[in-house]
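Chains, contacts and geometry: an overview
Given next are the chains, with one letter for each unit.
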Amino acid sequence: MGETSMMTDEGVEQSKLLAIKRGSFAGFPIFLGYLPIAIAYGVLAQQSGLTTFETTMMSVLVFAGAAQFMAANMFAQGAMLVQIVVATFVLNFRHFIMSMSFINKIREFPMRWKFGLTLGLTDETFAVSSLNGHEAKKEHSTFYFLALILTAYIGWVFGSFLGAILGDALPATLSDSMGIALYAMFIGLLVPSIKKEWRVGIIAVAAMCVNYVLMNILAVEVGWAIVISTILASLLGIVVMKEDEA
């Protein structure tokens, strides 16, 4: 009886380890992709006046690349905390939609697992999780998704820390050039979306125009200009991107 129980326990552990291995393997490409972007964020955040601890903790607590780039840039421009919070909230509102979709795939999981896993969703981890939704039906699938998300998370946090450290060590010319990563990342996100749906370009241009008017004509503070243009562009997106009625 004891031997049978021991063999059963070993089988359970092996099954968990296999699920963790599959999840880590699925998350490793995200890990590799996050490293250079996180390093660029770390350098930019360090240049913006954030300490190494603050830079790293933002990645630990926020774990949202686009929002962190924007927050660091707004911090450098002297935006108030409430402006940064509102702007990042609007930018990350899509995470509510992703979380609801993800929870639908893991509806059989205990609530504590649903809550914890949704906190680790990013565009990339959500995409990989969606492509591997069948994993939710396998044994110990909770460990698969946990390993996937943690692998990506570790890559982002480690890269952020490394970037903050390098920000002090890199030559000033090279360090300053890292600031272009902010614009490169947003362009990289925007262009594929425009190729897929041209109306996204209209929304982006509208946001830029509104931001220009607010800052250069109405002399609105940089922080509030970003917040207002983001909200107005989002509202425009609701109208422009509305599916055509049959």
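The structure we're discussing is the one just above.
Read on for an overview of the structure. Note that this is a predicted model, so its numbers are computed, not measured.

1. So, the packing of helix H11 (residues 199-217) against helix H12 (residues 222-240)
Taken N-terminus to C-terminus, the directions of H11 and H12 make an angle of 150 degrees; their axes are 9 Å apart at the nearest point. Looking at the two axes, H11 sits roughly antiparallel to H12. Handedness of the crossing formed by H11 with H12: right-handed. Across from Arg199, Ile203, Ala206, Ala207, Val210, Asn211, Leu214 and Met215 in H11, the residues of H12 making contact are Val222, Ala225, Ile226, Ile228, Ser229, Leu232, Ala233, Leu236, Gly237 and Val240.

2. Quick word on helix H4 (residues 81-91)
For H4, the set of buried residues is Gln83, Ile84, Ala87 and Thr88. Around the axis of H4, the buried residues are gathered within 120 degrees of arc, so they sit on the same side. Of the surrounding secondary structure, the elements contacted by the buried residues of H4 are helix H3 (65-76) and H12.

3. A short note on the packing of aromatic side chains
Summed over all chains, the structure comprises 13 aromatic pairs. Ring centres 6.0 Å apart and planes at 65 degrees place the aromatic pair tyrosine 41 and phenylalanine 69 in the edge-to-face group. One end of the pair, tyrosine 41, is in helix H1 (residues 2-47); the other, phenylalanine 69, is in helix H3, and 28 residues separate them in sequence. Geometrically, the ring pair formed by tyrosine 41 and tryptophan 156 is stacked, given 6.0 Å between the ring centres and 20 degrees between the ring planes. In this pair, tyrosine 41 is assigned in helix H1 and tryptophan 156 in helix H8 (residues 141-169), connecting sequence segments 115 residues apart. By relative accessible area, tryptophan 156 is classed as buried at 3%. Through a chain of ring-to-ring contacts, the aromatic side chains of Tyr34, Tyr41, Phe63, Phe69, Tyr153 and Trp156 assemble into a single cluster.

4. Observations regarding the nonpolar core
Judged by nonpolar contacts, the single largest core of 38 residues is most densely connected at Leu117 and Phe145. If you tally residues by element for this core, the top one is H1, at nine residues. The contacts of phenylalanine 145, once residues within four sequence positions are left out, are Phe102, Ile106, Phe109, Leu117, Ser129, Asn132, Glu135 and Ala136.

Procedures and definitions
- Residues numbered from 1 in each chain as written.
- Predicted model: local features only at pLDDT ≥ 70, side-chain atom pairs only at ≥ 80, totals over all residues.
- Heavy atoms only, no water.
- Axes fitted to C-alpha atoms, helices over the stretch in contact; angles between N-to-C directions.
- Helix = DSSP H or I, 4+ residues; strand = E, 2+ residues; numbered from the N terminus.
- Parallel < 35°, antiparallel > 145°, perpendicular 65-115°, else oblique.
- Left-handed = near helix turned anticlockwise from the far one by under 90°.
- Contact = heavy atoms within 4.5 Å.
- Buried < 20%, exposed > 50% of the residue type's maximum accessible area, 1.4 Å probe, protein only.
- Arc of directions from axis to C-beta.
- Phe/Tyr/Trp six-rings, centres within 6.5 Å; stacked < 30°, edge-to-face > 60°.
- Core = buried A, V, L, I, M, F, W, Y, C linked by side-chain atoms within 4.5 Å.

Function cannot be inferred from these measures alone, as they are strictly geometric.
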